[in-house]
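Structural description and commentary
These are the residues of each chain, in order.
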Amino acid sequence: MSDKKRIGIMTTGGDCSGLNTVIQRLVSAADSRDWSVIGIRGGTDGLYCTPADAVELTPENMPLEFARLSGSILRNGRDGTMNFEEASRQGILKEFNTKLNSALKELNLDTLVLVGGNGSLSLAWGFKEIYSGVKLVCVPKTIDMDVPLTDATIGFNTAVQQLTNFCDQLLLTARSHRRWFVVQAMGRDCGKLALEAGVASGASAILIPEIKFDVTSLIEHIKNAPTDYGVIVVSEGVSLRGHSGKAAEMIARQLSAAGIYCRAEYPEHFQRAGDTTATDRIVAASMADCAVRAIENNETYVMTAMQNGKCRTIALAEFFSHGDLVPDPHIPGIETSNAYVEPDDPLLGVATGLGAYVGEIK
Ligand code: F6P
């Protein structure tokens, strides 16, 4: 029997830098094994099309020089088109999943490499019927760093670098005008991106959803800071009891009311852009290599995970059971497996040791 394999790959959920690295490395590894790679365009959008929106990827149409570029050559799907949330809203989830399953069967793949965040991985666990008839290898990517059991996700390091660059540049104008900038980091309910970029840029305060903070202490901290300007990094998931609106705006309002001259700033999707950092390329390359070995070993329902500098596969069941399970807000009966900043994260100690306010930690 020939061991020439036919591999599918698709990128789902929010994009991030590093997706093209993992695609390109997989294409080049497959080429050296004489396997073929089918890229599914637009994530589940493309799979839902008739026929599925798929293209053969080769070293000619996916050359090395594309590997450092942000975004995904395959695209990740578009708001407002048919996806799990929309199918659930229309009450046609069963039909939607059946369609995805037959599309995968028609593509005649040995293995699908699903490059996604904790939402996509949790959906793969919750809707196993979609992948009957194909082996599934998941590769975690996200700027949120909220995937359990892996020390790295593709895209996180580049997002930290982008956000750090943003804060660095603001600091110069902050000094000129003796202003404070409250910078809102992405990350959903996980404060890891805010924490790392905050430490990297020397932020005077870092507020994340996992750590309670006190507005009066924050105000005192800024008023007593050694400078009359600086950056405060606030995670988008931070809330303030009795207040509504964007996290940075809420904090900036409190500071302004206390006489601190400040502005709220939103780097938004700039955090998902930028040429992929060397660290993220190494993570993506390690995960592509690990995925190829998983395919050779006929593994299925696994996720690649960086642990202590090494990439290995873990069962998707482990990914799911190790996270904090939160109900999906749009899809009844589906839970998402999340990771958060732990209270003993060493960076919290580094930040406080260097004089930043990170909330009411002991
Ligand atoms: O999950 C990645 C992420 O960038 C989050 O950090 C952010 O909250 C969200 O996606 C933004 O999504 P959208 O691009 O749909 O606005």
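Residue indices begin from 1 for each chain and proceed along its sequence in written order. With the structure being a predicted model, the display of local features is reserved for residues of pLDDT at least 70 and the display and counting of side-chain atom pairs for 80 or more, all residues being used for whole-chain, interface and lining totals. For side-chain calculations, the full set of non-hydrogen atoms in the structure is used, while hydrogens and water are omitted.

Take the overall build of the protein chain next. Of the regular secondary structure elements, the protein chain holds 12 helices and 13 strands. The globule rule used here is 2.2 Å times the number of residues to the 0.38 power, and the radius of gyration it is set against is calculated over C-alpha atoms. For a compact globule of 362 residues, the expected C-alpha radius of gyration is about 21 Å, and the protein chain comes in at 22 Å, within 12% of that figure. Taking the principal axes of its C-alpha atoms as reference, the protein chain extends roughly 75 × 45 × 35 Å. Contacts in the protein chain between residues at least 24 apart in sequence constitute 73% of all its contacts with a sequence separation of at least 6. Carbon and sulfur atoms make up 49% of the accessible area of the protein chain, which totals about 16100 Å². Under the convention used here, Asp and Glu are negative, Lys and Arg are positive, and both His and the chain ends fall outside the count. Charge positions come from single atoms, namely NZ of Lys, CZ of Arg, CG of Asp or CD of Glu. Both charge centroids of the protein chain, one from 33 positive and one from 43 negative side chains, sit 2 Å from each other. Each helix is a run of DSSP H or I of at least 4 residues and each strand a run of E of at least 2, with the numbering of both proceeding from the N terminus. Should any heavy atoms of two residues lie within 4.5 Å, those residues are considered in contact. All accessibility values rest on the Shrake-Rupley procedure with a 1.4 Å probe; residue burial counts only the protein chains present in the view.

For the rest of this paragraph, the subject is the packing of helix α1 (residues 19-32) against helix α10 (residues 278-296). Working note: a packed helix pair is described by the angle between its axes plus the distance between those axes. To define axes, lines are fitted to C-alpha atoms, for helices over the stretch in contact only, and angles between the resulting N-to-C directions are given on a 0 to 180 degree scale. Two elements in contact, α1 and α10, have axes separated by 8 Å at closest approach and are oriented at 40°. Relative to α10, the element α1 is oriented oblique. Of the two possible hands of crossing, α1 and α10 adopt the one that is right-handed. Where α1 abuts α10, its residues Thr21, Val22, Arg25, Leu26 and Ala29 lie against Arg281, Ala284, Ala285, Ala288, Ala291 and Val292. Ten residue types, Ala, Val, Leu, Ile, Met, Phe, Trp, Tyr, Cys and Pro, are classed as nonpolar, four, Asp, Glu, Lys and Arg, as charged, and the remainder, Gly among them, as polar. Considered class by class, the residues forming the contact of α1 with α10 number eight nonpolar, one polar and two charged. For classification purposes, an angle smaller than 35 degrees is called roughly parallel, one larger than 145 roughly antiparallel, one from 65 to 115 roughly perpendicular, and anything else oblique. Left-handed describes a crossing whose near helix is turned anticlockwise from the far helix through less than a right angle; right-handed describes the clockwise counterpart.

Turning to the site of the ligand, a few remarks are in order. Any residue with a heavy atom lying within 4 Å of a molecule or strand is counted as near it. Taken together, the neighbourhood of the ligand is formed by Ile143, Asp144, Met186, Gly187, Arg188, Glu236, His269 and Arg272. Two N or O atoms count as a polar contact when they lie within 3.5 Å, although within protein this holds only if one can serve as hydrogen donor and the other as acceptor, and sequence-adjacent residues are included solely when both atoms are side-chain atoms. Side-chain polar atom of Arg188 to an oxygen atom of the ligand: 3.1 Å apart, as the coordinates give it. Out of a free accessible area of 400 Å², the ligand has 70% covered by protein chains. Looking at the shell around the ligand residue by residue, the class counts come to two nonpolar, two polar and four charged.

We now examine the sheet that holds strand β9 (residues 262-265). In this scheme, strands are said to pair when DSSP sees at least two bridges between them. Taken together, four strands build an open sheet; the order of strands is β7-β8-β6-β9 and the sheet is parallel. Each edge of the sheet is formed by a strand with only one pairing partner; in this case those strands are β7 (205-207) and β9. Geometrically, the sheet is characterised by an average inter-axis angle of 20° between neighbouring strands, direction not taken into account. Note: β7 against strand β8 (residues 230-235), three bridges, orientation parallel.

Along the chain, Thr44 turns up in helix α2 (residues 44-48). Contact partners of Thr44, with chain neighbours within four places excluded, come to Met10, Thr12, Asn83, Phe84, Phe96 and Leu100.

Core analysis: the largest hydrophobic core is formed by 63 residues, its most contacted members being Ile9, Val113, Val139, Val183 and Leu193. Element by element, the count of residues in this core is highest for α10, at nine residues. Note: domain ranges come from an automatic or database domain assignment. Split by domain, the residues of this core number at least three in each of domain 1 (6-155 + 276-322) and domain 2 (158-272 + 343-353). The criterion is simple. A nonpolar core is a set of buried Ala, Val, Leu, Ile, Met, Phe, Trp, Tyr and Cys residues joined through side-chain atoms within 4.5 Å. Working definition: with a 1.4 Å probe on protein chains only, accessible area under 20% of the residue-type maximum means buried, over 50% means exposed, and in between means partly exposed.

Glancing now at the packing of helix α6 (residues 156-177) against helix α7 (residues 192-201). Taken N-terminus to C-terminus, the directions of α6 and α7 make an angle of 50°; their axes are 9 Å apart at the nearest point. In terms of orientation, α6 and α7 fall into the oblique class. The hand of the α6/α7 crossing is right-handed. Touching Phe156, Ala159, Val160, Leu163, Thr164, Cys167 and Asp168 of α6 are Lys192, Leu193, Glu196, Ala197, Ala200 and Ser201, all from α7. Counted by class, the contact of α6 with α7 contains eight nonpolar, two polar and three charged residues.

What follows concerns the domain arrangement of the protein chain. Entries for the protein chain in the domain assignment read domain 1 (6-155 + 276-322) and domain 2 (158-272 + 343-353). On a C-alpha basis, the centroid separation for the pair domain 1 and domain 2 is 33 Å. Counting residues at the interface gives 13 residues for domain 1 and 11 residues for domain 2. Where domain 1 abuts domain 2, roughly 920 Å² becomes buried across the two surfaces, and 56% of that area is made up of carbon and sulfur atoms. Each reported salt bridge corresponds to a side-chain nitrogen of Lys or Arg within 4 Å of a carboxyl oxygen of Asp or Glu. At the boundary of domain 1 and domain 2, one finds two salt bridges. Accessible area that two parts lose when put together, evaluated with a 1.4 Å probe and summed over both, is termed the buried area.

This part takes up unusual backbone geometry. Residue Pro51 is reached from Thr50 by a cis peptide bond, and omega for that bond is -10°. By the element assignment, Pro51 lies in the loop between α2 and β3 (54-57). Even without a glycine there, the phi angle at Arg178 is positive, about 50°. One can find Arg178 in the loop between α6 and β6 (180-185). Despite not being glycine, Glu268 has its phi angle at roughly 40°, a positive value. Summarising the element assignment, Glu268 is placed in the loop between β9 and α10.

Attention now moves to the state of the cysteines. Here, two cysteine sulfur atoms that lie within 2.5 Å of each other are counted as a disulfide. Taken as a whole and assessed by the stated rule, the structure comprises zero disulfides. Counting only cysteine sulfurs, Cys311 is the nearest neighbor of Cys290, a cysteine outside any disulfide, at a range of 3.7 Å.

By secondary structure assignment, the location of Thr150 is in the loop between β5 (135-140) and α6. On the basis of relative accessible area, Thr150 is assigned to the buried category, the value being 6%. One polar contact links the side chain of Thr150 to the main-chain carbonyl oxygen of Ala152, over a distance of 2.8 Å. Within the structure, Thr150 has its side chain in polar contact with the backbone nitrogen of Met306 (distance 2.9 Å). Those residues in contact with Thr150, other than ones at most four positions away along the chain, are Pro140, Met145, Met287, Met303, Ala305 and Met306.

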